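Structure assessment
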Amino acid sequence: MQLRLDQSSVEELDLALRLYRRMLFRLPAILVLGFAGIIGVSHLSTFLSPPYGVYFLGQGLVTWWLFGLLALLFAELWWEGRQIGKALNHPGLQDSPIAGLMGGLGVIGERAAEMGMEPGFLHGPLRPIRRR
């Protein structure tokens with residue numbers, strides 16, 4: 001069987017599902033550790049220069065940490081979207097990876113259904129569709 005451009009093998013679909021699972025664990029971890037870091041930087045800034053804290057280019061260290069946290073979240077979503085787009089060989093996901101993340105699961109489900117498969121529980125590996 002020869003694959004067309006809009007088809008994927010089971011291994012590629014499983015890779016894309018694995019990337020989605022990894023992203024679902026990484027994003028909350030980045031947020032939790034980032035906000036814990038914000039609290040630490042706030043205390044450190046106030047300790048170094050009481051009572052107002054350290055300022056750089058008119059903004060406090062907490063503000064710069066928040067900017068960095070947002071940049072890190074954006075980079076994580078962009079990188080994972082690109083990886084999922086490459087795994088699925090889908091031009092829409094590769095061109096706009098962050099916006100394509102929402103439609104990626106639909107692409108996986110559609111391509112898996114063509115093969116008689118469905119994603120497992122919590123984006124688990126593909127398994128045959130159960131007939132009821």
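Residues numbered from 1 in each chain as written. Predicted model: local features only at pLDDT ≥ 70, side-chain atom pairs only at ≥ 80, totals over all residues. Heavy atoms only, no water.

Turning our eyes to something else, we now look at the overall build of the chain. Within the chain, the secondary structure is distributed over 4 helices and 4 strands. Going from the N terminus to the C terminus, the chain shows its helices and strands as α-β-β-α-α-α-β-β. Whereas a compact globule of 132 residues would reach a radius of gyration of roughly 14 Å, the chain reaches 21 Å, over 25% beyond that. Along the first, second and third principal axes, the C-alpha set of the chain runs to 70 × 30 × 20 Å. (Helix = DSSP H or I, 4+ residues; strand = E, 2+ residues; numbered from the N terminus. Rg over C-alpha atoms; globule rule 2.2 N^0.38 Å.)

Attention now goes to helix H2 (residues 61–88). Under the 1.5 Å per step criterion, the end-to-end length of H2 is 40 Å for 28 residues, consistent within 8% with the ideal 40 Å. Among the residues of H2, those classed as buried are Leu-69, Leu-73, Glu-76, Glu-80, Gly-81, Ile-84, Gly-85, Ala-87 and Leu-88. Elements in contact with the buried residues of H2: helix H1 (10–48), helix H3 (91–95) and helix H4 (97–114). Of the residues flanking the end of H2, it is Asn-89, one or two places downstream, whose phi is positive at about 55°. (Expected span 1.5 Å × (residues − 1). Buried < 20%, exposed > 50% of the residue type's maximum accessible area, 1.4 Å probe, protein only. Contact = heavy atoms within 4.5 Å.)

Let's shift gears to a nonpolar patch on the surface. Taken together, the side chains of Phe-56, Leu-57, Trp-64 and Phe-67 present a nonpolar region at the surface, about 460 Å² in accessible area. For Trp-64, the location among the structural elements is in helix H2. (Patch = residues over 30% accessible without salt bridge, like charges linked within 9 Å, V, L, I, M, F, W, Y side chains within 5 Å. Areas by Shrake-Rupley, 256 points an atom, 1.4 Å probe, with all protein chains shown as cover. Salt bridge = Lys/Arg side-chain N within 4 Å of Asp/Glu carboxyl O.)

Let's shift gears to the nonpolar core. If you look at the biggest cluster of nonpolar residues, it comprises 21 residues, and the most contacted ones within it are Leu-13, Ala-16, Tyr-20, Ile-84, Leu-88, Ile-108 and Leu-126. At the level of elements, H1, H2 and H4 are the ones that each hand at least two residues to this core. If one sorts the elements of this core by residue count, H1 sits on top with 9 residues. Setting aside chain neighbours within four positions, we find Tyr-20 in contact with Ile-84, Gly-100, Leu-101, Gly-104, Leu-105 and Ile-108. (Core = buried A, V, L, I, M, F, W, Y, C linked by side-chain atoms within 4.5 Å.)

Moving on to the packing of H1 against H4. Two elements in contact, H1 and H4, have axes separated by 10 Å at closest approach and are oriented at 145°. Read as a crossing pair, H1 and H4 show a hand that is left-handed. Two secondary-structure elements touch here, H1 through Leu-13, Ala-16, Leu-17, Tyr-20 and Met-23 and H4 through Gly-100, Leu-101, Gly-104, Leu-105, Ile-108, Arg-111 and Ala-112. (Axes fitted to C-alpha atoms, helices over the stretch in contact; angles between N-to-C directions. Left-handed = near helix turned anticlockwise from the far one by under 90°.)

In total, this model carries 4 salt bridges according to the counting rule given. Of the charged contacts in the structure, one is a salt bridge between Arg-26 and Glu-80, with a shortest N-O distance of 3.2 Å. Taken together, the positions of Arg-26 in helix H1 and Glu-80 in helix H2 put the pair 54 residues apart, joining distant regions of the chain. Of the residues examined, Glu-80 reaches a relative accessible area of 0% and is grouped as buried.

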